[in-house]
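Letter by letter, the chains look like this.
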Amino acid sequence: MADAHAAPHHDYHLVNPSPWPLVSSIAVTVMMVGAVVWMKGLVGADAGPVAGTLLAKGDMALFFAGLAGVLVSMFGWWADVIKESKAGDHTPVVSIGLRYGMMLFIASEVMFFVAFFWMFFEMSIFNEARAHVPEIGAWADTAAAWSTWPPRGIETLDAWQLPLLNTVILLLSGTTVTWAHHAIAQGDRNATRIGLAITVALGILFTGVQAYEYHHILHEHLFFNEAAANSTLYGSIFFMATGFHGFHVLVGTIFLIVCLLRLMAGGFTPQKHFGFEAAAWYWHFVDVVWLFLFAFVYVVFG
């Protein structure tokens, strides 16, 4: 009988049982339910001492508990993958599989944004068709508001101010992360450290500019006001598309910070640096999505 613990005679890595898929799924569920509780609430404040404390509108405890679980899962799962790499489990065949997995993940993210673009294009290109909708109930007012573009009551943003600034910031960050990527491939760890640090700083700056832009939109009531009472879908689409992109920038920034910390701790070699390579791919994806957002949401249909 063959020894069950003998070294495998293949190039594939059969992972050990891991708690992280289950833990992260539970944590994400708790976090999203917590986000709903924070913004809308699931029960009234007088529902009881426990439910009223955890599930009433404005309560943030559940959201941050889920977020903490997500962060712990990320740290634990990524740490296990790093240990597997150091143990020699990431053979050339496994490395190809990791690259294919990252490619498919980015492709799924592309389709995620395609849905938002499709919704925005449909509402902007075929807006005149709303004028021919039969007057059924309150839909007549909504159809009239959407018969022009931009919809009635909406004040659009100037694409050549903050949106252009953020475009320059992201394009510049794309060059610095590419510089860092080429530097690690050449074994220049100092240049990699500088390029990564600049990219992280630019990512944080982008998030800050977008937060200021959102504050301006909400404070000046550009999208949500009495005149635009039947046109609020515009604001919803805008915040969904640009907001989810901003979330991806935040995730990408965390991704790059982890890579920078690993680099400073002595990780990555010219031969083995897929973690950083995947982060660079993800960052380039974020750049390209923003170019489409800037071109269509802000300029062409803005």
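Every value quoted in this text rests on a predicted model; they were computed, and no experiment measured them. (Residues numbered from 1 in each chain as written. Predicted model: local features only at pLDDT ≥ 70, side-chain atom pairs only at ≥ 80, totals over all residues. Heavy atoms only, no water.)

## Thoughts on helix α1 (residues 20-39)
- Counted at 1.5 Å a residue, the expected span for α1 with its 20 residues is 28 Å, and the 28 Å between its end C-alpha atoms agrees.
- Every buried residue of α1 is accounted for by Trp-20, Ser-24, Ala-27, Met-31, Gly-34, Ala-35 and Val-37. For α1, the arc enclosing every buried residue in end-on projection is 160°, short of the 170-degree limit, so these residues lie on one face.
- Positive backbone phi, at 85°, marks Gly-41, one or two positions downstream of α1. (Helix = DSSP H or I, 4+ residues; strand = E, 2+ residues; numbered from the N terminus. Expected span 1.5 Å × (residues − 1). Buried < 20%, exposed > 50% of the residue type's maximum accessible area, 1.4 Å probe, protein only. Arc of directions from axis to C-beta.)

## Points about a nonpolar patch on the surface
- Where nonpolar side chains cluster on the molecular surface, the patch consists of Trp-160, Leu-164, Val-168, Val-299 and Val-300 and spans about 450 Å² of accessible area.
- The set of elements that each furnish at least two residues to the nonpolar patch consists of α6 (162-185) and α9 (274-300).
- In this fold, Val-299 is placed in helix α9.
- On the basis of relative accessible area, Val-299 is assigned to the partly exposed category, the value being 33%. (Patch = residues over 30% accessible without salt bridge, like charges linked within 9 Å, V, L, I, M, F, W, Y side chains within 5 Å. Areas by Shrake-Rupley, 256 points an atom, 1.4 Å probe, with all protein chains shown as cover. Salt bridge = Lys/Arg side-chain N within 4 Å of Asp/Glu carboxyl O.)

## Points about empty space enclosed by the protein
- Inspection of every chain in the model, using the stated rule, returns one cavity of 30 Å³ or more.
- If you add up the space inside the largest cavity, you get close to 40 Å³.
- The wall of the largest cavity is formed by Thr-156, Leu-157, Phe-223, Tyr-234, Phe-238, Val-297, Tyr-298 and Gly-302.
- Of all the secondary structure elements, the ones that give two or more residues to the lining of the largest cavity are α8 (232-264) and α9. (1 Å grid on protein atoms, 1.4 Å probe; cavity = no way out; pocket = protein on both sides within 12 Å on 5 of 7 lines; lining within 4 Å. Points joined across faces, edges and corners; volume = space filled by probe spheres on them.)

## Some details on the environment of Pro-163
- One can find Pro-163 in helix α6.
- The class for Pro-163 is buried, based on a relative accessible area of 3%.
- With 135 residues separating them in the primary sequence, Pro-163 and Tyr-298 have C-alpha atoms 7.4 Å apart.
- Every residue in contact with Pro-163, bar those within four places of it in the chain, is listed here: Asp-158, Glu-213, Trp-290, Phe-294 and Tyr-298. (Contact = heavy atoms within 4.5 Å.)

## Remarks on helix α4 (residues 92-125)
- The first and last C-alpha atoms of α4 sit 48 Å apart over 34 residues, in line with the 50 Å expected at 1.5 Å per residue.
- What α4 keeps buried is the set Val-94, Met-102, Ile-106, Glu-109, Phe-113, Phe-116, Phe-117, Phe-120, Met-123 and Ser-124.
- For α4, the secondary structure elements touched by its buried residues are α8 and α9.

## Comments concerning the side chain of Asp-287
- By the secondary structure assignment, Asp-287 is in helix α9.
- Of the side chains with opposite charge, Arg-99 lies nearest to the buried Asp-287, which makes no salt bridge, at 19 Å.
- Those residues in contact with Asp-287 that sit more than four places away from it in its chain are Leu-170, Ser-173 and Gly-174. (Lys, Arg positive; Asp, Glu negative; His and termini not counted.)

## Here we look at the pattern of salt bridges
- Tallied over the full model, the rule gives one salt bridge.
- When the shortest N-O distance is used, the salt bridge between Arg-99 and Glu-277 registers 2.7 Å. With Arg-99 in helix α4 and Glu-277 in helix α9, this residue pair connects regions lying 178 residues apart in the sequence.
- Given a relative accessible area of 13%, Glu-277 falls into the buried group.

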